[in-house]
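Each chain, written out:
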Amino acid sequence: MTERMKPLALTGFTATSCLGLGLDATLAALRARHTGLAPCAFESVVLDTYVGEVPGVDHSPLPVEFTDYECRNNRLAHLGLAQDGFAASVRHCAARVGAERVGVFLGTSTSGILETELAYRGRDAASGALPTEFRYRGAHNTFSLAAFVREALQLTGPAVVISSACSSSAKVFASAQRALAAGLIDAAVVGGVDSLCLTTLYGFHSLQLVSRLPCRPFDAARDGISIGEAAAFALLERPDAVDATLLLLGTGESSDAYHMSAPHPQGRGAGAAMLQALESAGLTSADIDYINFHGTATPSNDESEARAVAAVLGSETPGSSTKGATGHTLGAAGALEAVICALALRHDFMPAGVNTAAVDPALKVNYLRDNLPGRVTHVMSNSFGFGGSNCSLIFGKRGRGS
Amino acid sequence: MTLTACVNGVGLLGPGISNWPHGLQILRGEVPYAAAPTVLPVPACLPSAERRRTGAIVRLALAVGLEATTNAAADPAMLPAVFSSSGGDGANCHEICQVLAGTERALSPTRFHNSVHNAASGYWGIATGATAASNALCAFDASFGAGLLEALAQVQVEHTAVLLIAYDANYPEPLYSKRPIPDAFGVALVLAPATGATTLARLSVTLSDTAAARMPQPALETLRAAIPAARSLPLLAGLARRATRDVVIDYLGPKNLALRIEPCP
């Protein structure tokens, strides 16, 4: 039995994806059932697919003092931090608790690998050396994202990147929660940033997991993912310290121990993560008003997830995958979808899954094809990754007067 | 704020260090340290199809993880795990970047799924059947300290034993010139909330502004400074002693980790 966790307050949050920069644009796009996916015109990529590209990333260089961190991924992070007053919220928090008491826990799958991919085209013909200007630490390295964000926010506390493919930036919430509970820190910047690169575009293509159309989660005709990019952040603090309405209530993590790139067919690990999240939140399946599915739109993911959801929560709870709108933002998906869940709670609004024409009758879930208004008190967000890494999060809000 | 745990088992593999008993002899000064290329065992615990797909980094992580759980008399299937690596599989990354720099760009699916930073964690689950939480961390040169903090927080908050595996392997050229990690080094610790039959020491950890300790032996100091996972060496040297010891290890500037190591029983 998983122990009950102490709830944490989300005292700031923001998201930037192909739906737009910041919360207003994101919410407006979700309400309008808009998709940000468009035919792939990224870099020199020649693939018949749709991507969720954030406009303007290439034209938003980092301030000169951060030149060591210059890469597309950190540009996207910088763009994301600038939205919704998020950086200012962190500064206020750091002024209150101390910059060394604010941790940084971020997820990414590929960090600034695009810089390395490009550098390999520019190798010296004679020696094979990479260009002099190529920076390993600030661009290529997986930690580059957290190092940059920590420095940009002038924080000096513990920092780490979690990189477990598509569960990365869900798992940061669990890790930050533990660090807060252990007293290591008093606040945490959590989030995820992943950006388009050739490794993931050609890699998922090599596994035949990419759709030629905008992805159609839970559709009977679903045939793969659309890759997106995003930067999403949240600030977590103990609720006794702040006036809190939105809360992280539960976390669950598990491993499939089954296959490197395919989910367990019965959703064994996914179900275990969801059950743990419920136990850690002290809730039952009936308490969950909305599920944000991992819902990648590969035949195997959606089937395995639907089985796990039906087994743990039954088939009535409304749910959707927002990847039809945003694309699969990989290491940023957990954080992006956590922010979408926070919007659902704040606005009593359950977003439809777009692009899905006919829900697969074999998937026994209540899949929302239209936006659903209604009181939203508790939501679950699922994130599953390569290597069988599963994470389920539960968010909630305080009722009026409670 | 102090995080504490009992060290119930250790696994170790590196250049000129073949396992934890060998490492103990070196760290106690019973045998001299002689640098030599790291010898990585083939992971017999994996099915043959998966075994063929593993590179150095996965073999390293599995080897030290299994040694630590064996020494701790712990069932690896039952332990949550924390994997921490400063860079993951450099050889695989090099192959992918070479293919992507060409015009064909026909990436191998195995290369792609091995490129995830949590590849070792995935293979570990397949090898041992471990279905508990598994984390895959990176903090550049601070990766050992970051892994230790995550593992200790899990021990303390979840009241469970945790397996920490910190591991790094070398990049081939041309990446080696940009990130000169000379060889493979891995360390694994089974950390538990309470003492058991195999407990070596109780470990208490706080964040500190004190400078990190250096290894007194020059060759071991070279190793400590060269490979991020080897920043654990002062901790391992403390475990090798049979007396209470305070030591500071490298973490993330401006903070290091101050450790108190108290032998058990």
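Residues numbered from 1 in each chain as written. Chains lettered and ligands numbered in written order. Predicted model: local features only at pLDDT ≥ 70, side-chain atom pairs only at ≥ 80, totals over all residues.

Enquirer: Quick question: what am I supposed to make of the overall build of chain B here?
Expert: Helix and strand counts for chain B come out as 10 helices and eight strands. Since a compact globule built from 265 residues should have a radius of gyration of about 18 Å, the 18 Å found for chain B is in line with a globular shape. With the C-alpha coordinates aligned to their principal axes, the bounding extent of chain B is approximately 60 × 40 × 35 Å. The burial tally for chain B puts 58% of its 265 residues in the buried class. In chain B, of all internal contacts separated by at least 6 residues, the share reaching a separation of at least 24 is 70%. (Helix = DSSP H or I, 4+ residues; strand = E, 2+ residues; numbered from the N terminus. Rg over C-alpha atoms; globule rule 2.2 N^0.38 Å. Buried ≥ 20, exposed ≤ 12 C-beta atoms within 10 Å, placed from the backbone. Contact = placed C-beta atoms within 7 Å.)

Enquirer: Explanation requested: the interface of chain B and chain A in the structure shown.
Expert: Often, the extent of an interface is quoted as the loss of accessible area upon association of its parts. With 51 residues of chain B at the contact, the number on the chain A side is 53 residues. Elements represented by at least two residues in the side of chain B that touches chain A include exactly helix 4 (90-101), helix 5 (109-114), helix 6 (119-128), strand 3 (134-138), helix 7 (143-158) and helix 8 (175-178) of chain B. In terms of residue count, helix 7 of chain B provides more of the side of chain B that touches chain A than any other element does, eight residues in total. Within the side of chain B that touches chain A, the residues separate by chemical class into 27 nonpolar, 18 polar and six charged. When strand 6 (residues 159-162) of chain A meets strand 3 of chain B, the two strands line up antiparallel, connected through two bridges. Within strand 3 of chain B, the position partnered with A:Val161 by the bridge is B:Cys138. (Nonpolar A, V, L, I, M, F, W, Y, C, P; charged D, E, K, R; others polar. Pairing = 2+ DSSP bridges.)

Enquirer: Mind showing me how you'd approach the environment of B:Ala36 here?
Expert: All names here are of chain B. Assignment of secondary structure puts Ala 36 in the loop between helix 1 (20-27) and helix 2 (48-53). When the C-alpha positions of Ala 36 and Pro 15 are compared, they lie 5.1 Å apart, and in sequence the two are 21 residues distant. The residues touching Ala 36, leaving out its near neighbours within four places in the chain, are Pro 15 and Gly 16.

Enquirer: Quick question: what am I supposed to make of helix 1 of chain B here?
Expert: Every α-helix carries 3.6 residues per turn, so stepping three or four residues along brings you back to the same face. Residue and element names in this part refer to chain B. Taken together, the buried positions of helix 1 are Trp 20, Gly 23, Ile 26 and Leu 27. Each buried residue of helix 1 lies within a common arc of 115° when the element is viewed along its axis, so the set occupies one face. As for helix 1, its buried residues are in contact with strand 1 (3-13), helix 3 (56-71) and helix 10 (233-240). Gly 29, located one to two residues past helix 1, shows a positive phi value of around 75°. (Arc of directions from axis to C-beta.)

Enquirer: How do you make sense of helix 3 (residues 86-97) of chain A when you look at a structure like this?
Expert: Residues and elements named next belong to chain A. End to end, helix 3 covers 17 Å across 12 residues, agreeing with the expected 16 Å (1.5 Å per residue, within 8%). The complete set of buried residues in helix 3 reads Phe 86, Ala 87, Val 90, Cys 93 and Ala 94. Buried residues of helix 3 fall within an arc of 125° about the axis and therefore sit on the same side. Along helix 3, exposed side chains directed more than 90 degrees from the buried face belong to Ala 88 and Ala 95. Those residues of helix 3 that are buried are in contact with strand 1 (8-17), helix 2 (72-81), strand 5 (102-107), strand 7 (187-194) and strand 9 (230-237). Of the residues flanking the end of helix 3, it is Gly 98, one or two places downstream, whose phi is positive at about 105°. (Expected span 1.5 Å × (residues − 1).)

Enquirer: Teacher, can you tell me more about the sheet that holds strand 3 (residues 38-39) of chain A here?
Expert: The strands that make up a sheet pair up through hydrogen bonds in the backbone, lying either parallel or antiparallel. Ordered in space as 3-4-8 (chain A), the three strands form an open sheet in which the pairing is mixed. Each edge of the open sheet is held by one strand with a lone partner, namely strand 3 and strand 8 (227-228) of chain A.

Enquirer: Looking at this model, I keep getting lost on the pairing of strand 6 (residues 201-208) of chain B. Mind explaining?
Expert: All names here are of chain B. Burial along strand 6 is one-sided: the residues Ala 201, Leu 203, Val 205 and Leu 207 are buried and none of Arg 202, Ser 204, Thr 206 and Ser 208 is. With five bridges connecting them, strand 1 and strand 6 associate as antiparallel partners. Across the sheet, the residue bridging to Ala 5 is Leu 203, located in strand 6. Sheet topology note: the strand 6/strand 8 (residues 256-263) ladder contains eight bridges and is antiparallel. Looking at the pairing, Ala 201 lines up with Pro 263 of strand 8.

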